[in-house]
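Structural overview for review
What follows is the residue order along each chain.
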Amino acid sequence: MLSKRLAALCGLLAALFAAAPSSAQDTIKIGANLPMSGPNAELGEIFSRAASIAVNHINADKMLSKKLQLVIEDSQATPQGGVVAMNKLIGVEKVPYVLSAYTAVSKAIAPLGDKAKVVSINGGAVGPDLAELGDYFWNVIPLVNFEAEVLIPYVVKEKGLKNIVLIFVDDPLGEAVQKVLRAEVPKAGGTLAGELQIPRAAQQFASVAANVRQLKPDAIYVASFGTQVNQIVKQLRDNGVTQQIISYSAMSTPSIAQLPEAKGAWYTTQSADFTASALGQRVAKEYKELSGKDANAYVANYYNAVMVFGILAQALEKAGKPITGTNLLEQRRAAGTFELVGGKMIFQPNGTVAMPVQIQEIDGTGAGKRIK
Amino acid sequence: MVLLQLFLNGLQLGAIYALTAVGFSLIFGSTKIFHVAHGSAFAIGGYAYWWLATKLNVAWPIATLAAVVAAAAFGLFMEKFIYRPIQRHEAAFFTVFIAAFGVQIIVQNLIGSLVGRGMETVTTTLSRSVEIAPGLFVAPISAISILTAVLIFSALSWFLGRTNVGVAMRALSENPDLVRVFGLDPVRLAQYAFVIGSAVVVPGAIFTAMTAGLNPAIGTHVMLVSLAATIVGGIGSIRGAACGGLLLGLAENLAYWKLDPQWSEAVTFIVLFAFIIFRPSGFFGHPSGAR
């Protein structure tokens, strides 16, 4: 009996080794520190699919001397999970470049990347202080201050919705949005009529809706992410809140686009026109085939994040330099402009990018309607 | 009016929490198995209903019945293929805990792979509140949740107090050997506990799908609430779990009256800690932890 079990175990191990990816010598690895489980996994799935399309393109186009491999670790969208994943990616997988997401996670892992001289690149988090995390932390997404600068004047001045209530999550992203709105709303001539901070794990918002009704706002700004955004919007509408709902790029998920209660909500996101170039069309088509859903700005960001690595690593190989975080940083500073999905991308000295921001309305069609 | 609104919101949420917690309490009370995967029964029941009602347009009674069958089948599977083999060999508490925890992660990932990782809701007018008095909004689902909870607890109380199987299930927690002496099968009784305990979670799952929505990771939150309600109510007491769930739902909502919203969840744990410190046996538990 024991020998049979031993044989079965050996067989299983042999199968596992046979199925394992190529050895480190045959591949160039980059990491992805993304939420792959928990209430934020929907976004992690979008990010990782977009990144894997870029990896496939780099390999298919033979941009690098070896096969590029994406090692995905689950941050669970928590700083603790992100730090564990980052330590593994740096210490075990020895990657020079890591895809990151979520403000709290990004802020937690940035010092680790800085110390190990490993580049972290963010395509999903929008906290304004992500621009100040050091040379080794880059962003390929416009941060929320740029989004608010577009949305708030539109809401207050053009639409006349002067009293705004903010519902914001109890984490660095929520607090960052609070800070931005405290500056932007009065600047546009409006009033921040209320600030309701909610716990990250909260799922019940009927009583938050009661608070909002008491405050009688013209618009409600929702600053959360993942499933919680959907829950807030649904429960606001179910509990008698009829005013305009506004938010930022976290609202560009397929599940909220299909939520009947979200219809009519406005949110900002960067302009990501997939039809403008052959590359954009190729990415959008492959993403649709892979997921059955339309590509959004997050797809462009994580595709671009991996492509930035491909372009920089290709240049380093041509120059005979090793692909390290330090060399990638030097090469990025020397490179200037990147031609990617959505057009030309130029990194600022602080590792951020400036991109046009648009306002979308959820209209029940999936892709939504651009209103500005 | 605000206080009344918060109270009504708390009653609705408390009813859902109570429906969720009572199954866990029944299973733990009867078998002494710490069924961490109870949240998975909630997720399976909720997603089964969602899939049938929204994707296949199955009538709600059939969808509900199918969801109950799915959750009960999961409970039976856990007893037969996870807990019983472990107990046969080792029966260590920690082994059982880890096995159940592992199953919960597997179920979470299976649901995510099969239906996606975003939020899914059952769209219904029942969740839409109407203003019944100035500033007082109530949705039909509030009354339905409370009524369902009352019906289920009444039925469970009758079953456990007045039927032979119910009495035997209560006896199982006290003395399994004595149950054998009376010619009853403890294994069969444990299976009944898992089937019933998993089935009663389904109404709460359906109401959650209609109000707050489902996501594959919802089982973790459900388990946390179940555990807190069970401790507050008194470990192993069905009546206690029901009262505990109701109290937590009320506390979570009434907290909004004087506290900022970020304190709502903390209030749950303040109530829990208060019970652990001042009344460790909960509402209806005995100091020994037995019923």
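Residues numbered from 1 in each chain as written. Chains lettered and ligands numbered in written order. Predicted model: local features only at pLDDT ≥ 70, side-chain atom pairs only at ≥ 80, totals over all residues.

Here we look at the overall build of chain A
Counting its secondary structure elements, chain A contains 12 helices and 14 strands. Here chain A has a C-alpha radius of gyration of 22 Å; the compact-globule value for 372 residues is 21 Å, and the two agree. Across chain A, every contact between residues at least 6 apart in sequence was considered, and the portion connecting residues at least 24 apart equals 67%. (Helix = DSSP H or I, 4+ residues; strand = E, 2+ residues; numbered from the N terminus. Rg over C-alpha atoms; globule rule 2.2 N^0.38 Å. Contact = placed C-beta atoms within 7 Å.)

Examining helix H10 (residues 278–291) of chain A
Residue and element names in this part refer to chain A. The end-to-end C-alpha distance of H10, which contains 14 residues, comes to 20 Å, matching closely the 20 Å that a straight helix rising 1.5 Å per residue would cover. Buried within H10 are the following residues: Gly280, Val283, Ala284 and Tyr287. Here the buried residues of H10 occupy an arc of 95° about the axis, which is enough to place them on one side. Residues Ala278 and Glu289 are exposed on H10 and point more than 90 degrees away from its buried face. Its buried side turned inward, H10 meets helix H2 (41–60) and helix H11 (297–318). Among the residues trailing H10, Gly292 stands out with phi positive, at a value near 80°. (Expected span 1.5 Å × (residues − 1). Buried ≥ 20, exposed ≤ 12 C-beta atoms within 10 Å, placed from the backbone. Arc of directions from axis to C-beta.)

Let's talk about the interface of chain B and chain A
Counting residues at the interface gives 35 residues for chain B and 35 residues for chain A. Counting only elements with at least two residues in the side of chain B that touches chain A, the list comes to helix H1 (2–31), helix H4 (93–115), helix H11 (238–258) and helix H12 (264–278) of chain B. Sorting elements by how many residues they give to the side of chain B that touches chain A places H1(B) first, with 5 residues. Looking at the side of chain B that touches chain A residue by residue, the class counts come to 10 nonpolar, 19 polar and 6 charged. (Nonpolar A, V, L, I, M, F, W, Y, C, P; charged D, E, K, R; others polar.)

Considerations on the domain arrangement of chain A
Residues and elements named next belong to chain A. Structurally, chain A comprises domain 1 (24–141 + 276–355) and domain 2 (145–271 + 358–370). Look at where the C-alpha atoms of domain 1 and domain 2 centre, and you get two points 28 Å apart. With 21 residues of domain 1 in contact, the opposing surface of domain 2 contributes 22 residues. Looking at the side of domain 1 that touches domain 2, the elements that each hand over two or more residues are H2, helix H4 (103–116) and H11. (Domains from an automatic or database assignment.)

Notes on the pairing of strand S1 (residues 130–133) of chain B
Residues and elements named next belong to chain B. Relative to strand S2 (residues 136–138), S1 runs antiparallel, the two being bridged by 3 bridges. Each bridged residue has a counterpart across the sheet, and for Val130 the counterpart in S2 is Val138. Linking S1 back to S2 in an antiparallel pair, the connection comprises 2 residues, with Gly135 at a positive phi of about 80°. (Pairing = 2+ DSSP bridges.)

Considerations on the packing of helix H3 (residues 60–89) of chain B against helix H8 (residues 186–199) of chain B
Residue and element names in this part refer to chain B. The geometry of H3 relative to H8 is characterised by a closest axis approach of 7 Å and an angle of 145° between their N-to-C directions. By crossing handedness, the relation of H3 to H8 is classed as right-handed. Between H3 and H8, the contacting residues are Val68, Ala71, Ala72, Phe74, Gly75, Leu76, Met78 and Glu79 on the first element and Ala190, Gln191, Phe194, Val195, Gly197, Ser198 and Ala199 on the second. Considering only residue class, the contact of H3 with H8 consists of 10 nonpolar, 4 polar and 1 charged. (Axes fitted to C-alpha atoms, helices over the stretch in contact; angles between N-to-C directions. Left-handed = near helix turned anticlockwise from the far one by under 90°.)

Some remarks on the sheet that holds strand S1 (residues 27–34) of chain A
Residues and elements named next belong to chain A. An order of S2-S1-S3-S4-S5 is seen for the 5 strands of this open sheet, with the pairing classed as parallel. Two strands lie at the open edges of the sheet, namely strand S2 (67–74) and strand S5 (137–139), each paired on one side alone. Recorded for the sheet is a direction-independent mean angle of 25° between the axes of neighbouring strands. Alignment of S1 against S2, held across 8 bridges, turns out to be parallel. Opposite Ala32, over in S2, you have Ile72 as the bridge partner. Against the sheet, helix H3 (residues 79–91) touches S1, S2 and strand S3 (97–100), its axis set at about 150° to S2. Lying over the sheet, H11 contacts S1, S3 and strand S4 (119–122), oriented at roughly 170° with respect to S3.

Some remarks on the confidence of the model for chain B
Here chain B averages 90 in pLDDT, while 97% of its residues score no lower than 70. Taken together, the chains of this predicted complex give a pTM of 0.85 and an interface ipTM of 0.86. (pLDDT = per-residue confidence, 0-100.)

Side note on the environment of B:Ala149
All names here are of chain B. Looking at where Ala149 falls in the secondary structure, it is placed in helix H5 (residues 140–162). As a C-alpha pair, Ala149 and Gly14 span 135 residues in sequence and 9.5 Å in three-dimensional space. Look past the residues within four positions of Ala149 in its chain and what remains in contact with it is Ala15, Ala18 and Leu19.

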